[in-house]
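Spelled out from the first residue to the last, the chains are:
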Amino acid sequence: TKTLKDAVAEIIPAKQEQLKKLKAEHGESKLGEIQLQHLLGGMRGLKVMLWEGSVLDSETGITFHGKSIPDSQKVLPTAADLGLNGNEILPESMLWLLLTGNVPSKEEVKNLSAELAAKGALPAHVEKIIDSFPKTLHPMTQFAAAVAALNHDSKFAAAYAKGIKKTEYWAPVLEDSIDLIAKLPAVAARIYYNVFGRGDGKQAIDSSLDLIGNYSKMIGYGDNQGMTDYLRLYIAIHGDHEGGNVSAHTAHLVGSALSDPYLSYSAALLGLAGPLHGLANQEVLGWALAMQEAVGENASDEQIKEYLWSTLKSGRVVPGYGHAVLRQPDPRFTALSKFCDTRPELRDSSIVQLVQKVSQVAPGVLKEHGKTKNPFPNVDAASGCVLYQYGLTEFTYYTVIFGISRAIGALPQLVADRYLGMPIERPKSMSMDSLEAFLKK
Ligand code: NMX
Ligand code: MLT
């Protein structure tokens, strides 16, 4: 049985060779052309980043090292495989896949889970920082600040200060990444306790449980098997969405300055906190509840249409719909909806039913509206209503759960960036005057 560090070390020579060959054989090959509209349009579609863990296809959605969500559900070890309750993928299994490209054995996941539990406790200074925040400070701001403060103990920053060789950077970056992932549940649970007074404020880590089994227990859902299963699935499938999304891209950019994983991931969380990105899951719930309030529990299609139009006419976006890359319903939305179909407590929930109904009505309205390139639901359309139904009703907290997850995708790429020797990211920018001058030539 390998450790995760051994498994990463094992793939590095082949990855380095692959990069060397690509550079040597295709260094000057064209991957497309840059037009002015790209520069002005958020760089949509430009192939300008290396990202190993996953690739997003506009029609079929995300694959993790070539595996779709259903493929991953078939092969990745679950809680039951570790002798725990529950049949959903463990985020530890996804982390292993994203870091190495290989499916881990049950034993490997079990050992990784135990390592994460052993490393999960918070240093006293971070507990104090979280405890000192006003309850009115948004949970995502608290999350990012606490994660940045964890860099006090960064192994990479300490090794860099001592003059570690460039070829060895990846090992302390991996160590910091594992330490950080291990501590995210305790950070998130302490924020939940401090702001909302729910869960276990003492953050006790149970060494017999997996990462998210522990998290669920810490936020007060240890006895709710449905919620624990949901959190495992949610956190496993939100982990990676290729490199160009705001949070992953930010972690990669900040990491390219050799900022350690804590600083890089803290910056990523601040991007995730924007309403067009991760905060959309908070926005969806607020919006859906306001609709429920306005039109009652059993809204007709017509009432939903009217509500959608009132949102659009007021100049707001419909949260949970559209995507910068996807042009079909998000397979993560489909996976979460399937989860709801298998659980009577969710199938019969009025808020889950409303969200499902909206997903059938909204695409027609958004098509008629004619602006968005993708009228279909993204993952955020579905993720919050399940939390709400299970009693986690404080929706300003929802993006924190997304933030636990994204680490599982963004941090593996930081490790790859370091073993591949990726340089500092520094694209060329242009002013409008310099663009005009350039285009006149
Ligand atoms: N409701 C209303 N208008 C929309 C929507 C929507 N859901 N989605 C896109 N549009 C508009 C968009 O604002 C833009 O308008 P304008 O020309 O006036 O600036 C126009 O349609 C074209 O936008 P697109 O090219 O389709 O989308 P883009 O790639 O720029 O942005 C999102 C992608 C995801 C930011 C956008 O679809 C959106 O704002 N969706 C709602 C927020 C959301 O659900 N975000 C979560 C994304 C997933 N995540 O977890 O991060
Ligand atoms: C994500 O998971 O990061 C979102 O779907 C946004 C994106 O991919 O651009």
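All values reported here derive from a predicted model rather than from experimental measurement.

Rules used throughout
Residues numbered from 1 in each chain as written. Chains lettered and ligands numbered in written order. Predicted model: local features only at pLDDT ≥ 70, side-chain atom pairs only at ≥ 80, totals over all residues. Helix = DSSP H or I, 4+ residues; strand = E, 2+ residues; numbered from the N terminus. Rg over C-alpha atoms; globule rule 2.2 N^0.38 Å. Buried ≥ 20, exposed ≤ 12 C-beta atoms within 10 Å, placed from the backbone. UniProt positions renumbered as here; feature names shortened; annotations may be inferred. Near = placed C-beta within 6 Å. Nonpolar A, V, L, I, M, F, W, Y, C, P; charged D, E, K, R; others polar. Expected span 1.5 Å × (residues − 1). Contact = placed C-beta atoms within 7 Å. Axes fitted to C-alpha atoms, helices over the stretch in contact; angles between N-to-C directions. Parallel < 35°, antiparallel > 145°, perpendicular 65-115°, else oblique. Core = buried A, V, L, I, M, F, W, Y, C linked by C-beta atoms within 7 Å. Left-handed = near helix turned anticlockwise from the far one by under 90°. pLDDT = per-residue confidence, 0-100. Pairing = 2+ DSSP bridges.

Undergrad: How do you make sense of the overall build of the protein chain when you look at a structure like this?
TA: From N to C terminus, the protein chain includes 21 helices and two strands. The C-alpha radius of gyration of the protein chain comes to 22 Å, within 12% of the 22 Å expected for a compact globule of 441 residues. Dimensions of the protein chain along its principal axes, counting C-alpha atoms only, are 65 × 65 × 45 Å. Counting the 441 residues in the protein chain, one finds 47% classified as buried.

Undergrad: Whenever I open this one, the UniProt feature "active site" (unreviewed entry) in the protein chain confuses me. Can you help?
TA: The UniProt record marks H277, H323 and D380 with the feature "active site" (unreviewed entry), using the residue numbering of this structure. Separation in sequence by 104 residues is not matched in space for these annotated residues, since their most distant C-alpha atoms are only 10.7 Å apart. For H277, the location among the structural elements is in the loop between α13 (261–272) and α14 (280–295). Given 19 C-beta atoms within 10 Å, H277 falls into the partly exposed group.

Undergrad: I'm lost on the site of ligand 2 in this one. Help?
TA: Around ligand 2, the structure places H241, N245, H277, A324, V325 and N378. Across the shell around ligand 2, the residue classes tally to two nonpolar, four polar and no charged.

Undergrad: Got a minute to help me understand α14 in this structure?
TA: Think of an α-helix as turning once every 3.6 residues; residues three or four places apart then point the same way. For α14, spanning 16 residues, the distance from its first C-alpha to its last is 22 Å, which sits close to the expected 22 Å at 1.5 Å a residue. Residues of α14 that are buried make contact with α15 (301–313), α18 (350–369), α19 (380–389) and α20 (398–419). Trailing α14 by a residue or two, G296 shows a phi angle of about 90°, which is positive.

Undergrad: Would you explain helix α10 (residues 211–218) in this entry?
TA: Within α10, eight of the eight residues are buried, which leaves the element mostly enclosed by the surrounding structure. Contact partners of the buried residues in α10: α4 (91–100), α5 (106–118), α9 (170–196), α11 (225–237) and α20. Within two residues after α10, G220 carries a phi angle of roughly 95°, on the positive side.

Undergrad: What's the story with the packing of α9 against α20 in this structure? I'm lost.
TA: The geometry of a pair of packed helices is captured by two quantities: the angle between their axes and the separation between those axes. Put simply, α9 and α20 touch, their axes get as near as 9 Å, and they point 175° apart. Compared by their axis directions, α9 and α20 come out roughly antiparallel. Contacts from W170, V173, L174, S177, L180, I181, L184, P185, A188 and I191 of α9 reach α20 at V400, I404, A407, I408, L411, L414, V415, R418 and Y419. Among the residues making up the contact of α9 with α20, the classes are represented as 17 nonpolar, one polar and one charged.

Undergrad: Just to check I follow, could you spell out the nonpolar core for this structure?
TA: Soluble, globular proteins show a tendency: their nonpolar side chains are buried together. Judged by nonpolar contacts, the single largest core of 122 residues is most densely connected at F143, V147, I181, V187, A188, Y265 and V415. Sorting elements by how many residues they give to this core places α9 first, with 16 residues. With sequence-adjacent residues up to four places away left out, Y265 is seen in contact with V147, L180, A251, A407, A410 and L411.

Undergrad: What exactly am I supposed to notice about the packing of helix α6 (residues 124–132) against α9 here?
TA: Where α6 meets α9, the closest approach of the two axes is 9 Å, and the angle between their N-to-C directions is 30°. In terms of orientation, α6 and α9 fall into the roughly parallel class. For α6 against α9, the interelement crossing comes out right-handed. Here E127, I130 and D131 of α6 lie close against α9, whose contacting residues are V187, R190, I191 and N194. The residue inventory of the contact of α6 with α9, partitioned by class, reads three nonpolar, one polar and three charged.

Undergrad: What am I meant to see in unusual backbone geometry here?
TA: In this model, M43 sits at a positive phi of 60°, which is unusual for a non-glycine residue. Within the chain, H65 stands out as a residue other than glycine whose phi angle is a positive 45°. Inspection of the secondary structure puts H65 in the loop between β2 (61–64) and α3 (69–75).

Undergrad: How do you make sense of the environment of K135 when you look at a structure like this?
TA: Summarising the element assignment, K135 is placed in the loop between α6 and α7 (139–149). Apart from the residues within four sequence positions on either side, K135 is in contact with N194 and V195.

Undergrad: In this structure, what is going on with the environment of S54? I would like to understand it.
TA: Considering the arrangement of structural elements, one finds S54 in strand β1 (residues 54–57). By the C-beta count within 10 Å, which is 22 here, S54 ends up buried. Linking S54 and R44, residues ten residues apart in sequence, is a C-alpha distance of 17 Å. Once you skip the residues sitting within four places of it in the chain, S54 turns out to touch I62, T63, F64, D240, H241, E242 and G409.

Undergrad: Would you mind showing me how to read the confidence of the model for the protein chain here?
TA: Caution applies to low-pLDDT regions: their predicted coordinates should not be interpreted in detail. On average, residues of the protein chain score 97 in pLDDT, and 100% of them are at 70 or above. By mean pLDDT, α14 is the weakest element of the protein chain at 94, and α13 is the strongest at 99. Reported for the predicted complex are a pTM of 0.98 and an ipTM of 0.99.

Undergrad: Where do I start with the pairing of β2 in this structure?
TA: Working note: regular strand, side chains alternate between the two faces of the sheet. One ladder, built from four bridges, connects β1 with β2; its direction is antiparallel. Along β2, the bridge assignment pairs S54 with F64. Linking two consecutive strands that pair antiparallel, namely β1 and β2, is a turn of three residues.

Undergrad: Honestly, the environment of I235 in this entry has me stumped. Any pointers?
TA: Here I235 is to be found in helix α11. When the 27 C-beta atoms within 10 Å are taken as the criterion, I235 is described as buried.

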